[in-house]
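# Summary of the model geometry
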Amino acid sequence: MSIILKPGVGNIHRNMATIAGVIESKIRNKLISQLEAQHLDVINESYMHNVPKGAETHFKVVVVSPKFEGLPLIKRHRLINEILKDELENGVHALSIMAKTPQQWETSDQVVESSPSCRGGFGK
Amino acid sequence: MNSLLRRSIFPIYSNTLKISCRSFADAPIKEQIDKIVKNNKVVVFMKGVPDAPRCGFSNAVVQIMRMHAVPYDSHDVLSSEDLRQGIKDYSNWPTIPQVFINGEFVGGCDIMLQMHQSGELIEELKKVGIKSALLTAEEAKQKEGEK
């Protein structure tokens with residue numbers, strides 16, 4: 001019975017893998033472990049840009065973490081940039097950030113606006 | 001006497017000007033950026049130019065500046081690889097656009113958008129003596145209401 005079930009499970013995994021790329025997973029893992037994120041969205045917005053299909057170049061992250069408490073916006077962004085330094089130096093070209101404390105997230109409308117559309121300036 | 005003075009001063013003046021121009025071009029990119037952000041109240045490092053931004057994030061910043069009618073100095077990082085990398089190193093910030101107010105790095109597109117929405121941008125501009133057009137419009141509306 002379990003043998004029959006397994007291929008199905010495998011398929012789901014394979015499908016997931018094509019949706020969530022390698023870099024996307026890395027970003028997710030790093031932010032969860034280092035920021036103890038209570039809510040996390042990692043959105044690959046690369047398809048909105050002039051890059052090959054399946055590329056992982058443009059991301060938006062929504063991070064809700066108690067570690068942001070008392071930090072101004074710029075320091076929260078710097079914290080995330082630092083955690084994702086490797087990714088940003090190796091292929092991740094745009095990173096849009098929404099960083100909130102759990103309390104801010106609770107009281108916000110929790111709507112994530114999509115990033116502005118590309119204007120074709122993707123150089124390298 | 002006057003013309004004599006002018007004649008003798010002018011060569012000196014034009015010489016120093018030439019020297020300072022040359023040293024500006026040769027100066028390490030960090031010093032050039034330093035000069036740019038310190039000599040202008042508001043500076044935007046972006047992709048493309050305000051009339052033709054070449055990136056959605058840069059365009060968003062241009063639109064915000066336009067709404068507030070902020071005079072600013074803009075620099076196209078796509079025109080110089082030195083500048084593109086230099087500005088990232090200077091501010092220790094990995095992405096473009098980048099906004100400086102009064103020589104201080106303020107943030108990129110996300111932060112500008114949030115500052116715009118929260119009203120913080122109006123306050124920051126006020127600190128450097130720039131009155132946002134949105135504030136002017138707001139005041140006009142209030143006056144209208146008082147009548």
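Think of each chain on its own: its residues are numbered from 1, step by step along the sequence as written. Chains and ligands are labelled by the order in which they are written, letters from A for the one and numbers from 1 for the other. Totals for whole chains, interfaces and linings use every residue, but because this is a predicted model, local features are given only for residues with pLDDT of at least 70 and side-chain atom pairs only at 80 or more, for both listing and counting.

### Considering the overall build of chain A
Helix and strand definitions here come from DSSP, where helices need a minimum of 4 consecutive H or I residues and strands a minimum of 2 consecutive E residues; each element is numbered from the N-terminal end. When helices and strands are counted, chain A shows five helices and three strands. Ordered by position from N to C terminus, the α and β elements of chain A give α-α-β-β-α-α-β-α. Put plainly, a residue is buried at 20 or more neighbouring C-beta atoms within 10 Å of its own, exposed at 12 or fewer, and partly exposed in between, counting only other residues' C-beta atoms, which are placed from the backbone. Counting the 124 residues in chain A, one finds 27% classified as buried. Each residue is represented by a C-beta atom placed from its backbone, and any two residues with such atoms within 7 Å are regarded as in contact. Relative to all contacts within chain A whose residues are 6 or more apart in sequence, the contacts with residues 24 or more apart total 60%.

### Points about the sheet that holds strand β3 (residues 94-100) of chain A
All names here are of chain A. Pairing between strands requires that DSSP locate at least two bridges from one strand to the other. Taken in spatial order, the three strands of this open sheet run β1-β2-β3, and their pairing is mixed. Each end of this open sheet is capped by a strand with a single partner; those strands are β1 (39-44) and β3. Across the sheet, the mean angle from the axis of one strand to that of its neighbour is 10°, orientation sign disregarded. Two elements, β1 and strand β2 (residues 58-64), share six bridges in a ladder whose sense is antiparallel. Each bridged residue has a counterpart across the sheet, and for Asp41 the counterpart in β2 is Val62. Between the N-to-C directions of two axes lies an angle of 0 to 180 degrees, each axis being a line fitted to C-alpha atoms and, for a helix, fitted only over the stretch in contact. In the packing of helix α3 (residues 73-83) onto the sheet, the strands contacted are β2 and β3, and the crossing angle to β3 comes to about 125°.

### Remarks on the interface of chain A and chain B
Taken together, the contacts link 17 residues of chain A with 17 residues of chain B. Taken together, the residues of the side of chain A that touches chain B sort by class into eight nonpolar, eight polar and one charged. Throughout this entry, Asp, Glu, Lys and Arg are counted as charged residues, while Ala, Val, Leu, Ile, Met, Phe, Trp, Tyr, Cys and Pro are counted as nonpolar. The remaining residues, Gly among them, count as polar.

### So, the nonpolar core
Nonpolar side chains tend toward joint burial in soluble globular proteins. Nonpolar cores are identified as sets of buried Ala, Val, Leu, Ile, Met, Phe, Trp, Tyr and Cys residues joined via C-beta atoms within 7 Å. Of all hydrophobic cores here, the largest spans 51 residues; its most connected members are Val61, Val63 and Leu95 of chain A together with Val61 of chain B. Non-local contacts of Val63 of chain A, meaning those with residues more than four positions away in its chain, are made with Leu31, Leu35, Ala37, Leu40, Ile80 and Ala99 of chain A.

### Re unusual backbone geometry
Of note, the bond from Ile96 of chain B into Pro97 of chain B is cis; its omega dihedral lies within 30 degrees of zero at 5°. Relative to the helices and strands, Pro97 of chain B resides in the loop between α4 (81-91) and β5 (98-101). The phi torsion at Glu36 of chain A lies on the positive side, around 50°, for a residue other than glycine. On the secondary structure map, Glu36 of chain A appears in the loop between α2 (22-35) and β1. Owing to 11 C-beta atoms within 10 Å, Glu36 of chain A belongs among the exposed residues under this scheme. Phi angles above zero are rare outside glycine, and Gln110 of chain A is one such case at about 60°.

### Overview of the sheet that holds strand β4 (residues 73-76) of chain B
Residues and elements named next belong to chain B. Judged by pairing direction, the sheet is mixed, and its four strands sit side by side in the order β4-β1-β5-β6 without closing on themselves. Of all the strands in the sheet, the pair left with one neighbour each is β4 and β6 (104-107). On average, adjacent strands in this sheet sit at an angle of 25° to one another, irrespective of strand direction. One ladder, built from four bridges, connects strand β1 (residues 42-46) with β4; its direction is parallel. What sits directly across from Val44, in β4, is Ser74.

### Side note on the pairing of β5 of chain B
Within a regular strand, the side chains alternate between the two sheet faces. Residues and elements named next belong to chain B. By the alternation rule, side chains of β5 split into Gln98 and Phe100 and Val99 and Ile101, which are all buried. In this structure, β1 lies alongside β5, joined through four bridges in antiparallel fashion. Across the sheet, Val44 pairs through a bridge with Val99, a residue of β5. From the end of β5 to the start of β6, which pair antiparallel, there are two residues, and Asn102 there has a positive phi angle of about 55°.

### Thoughts on the confidence of the model for chain B
Residue and element names in this part refer to chain B. By definition, pLDDT measures how confident the predictor is in each residue, and it falls between 0 and 100. Model confidence for chain B is summarised by a mean pLDDT of 88, while 82% of its residues fall at 70 or above. Across residues 17-23 the pLDDT falls below 50, and counting only partners more than four positions away or on other chains, this stretch makes zero contacts in the model. This prediction of the complex comes with two scores: 0.80 for pTM and 0.77 for ipTM.

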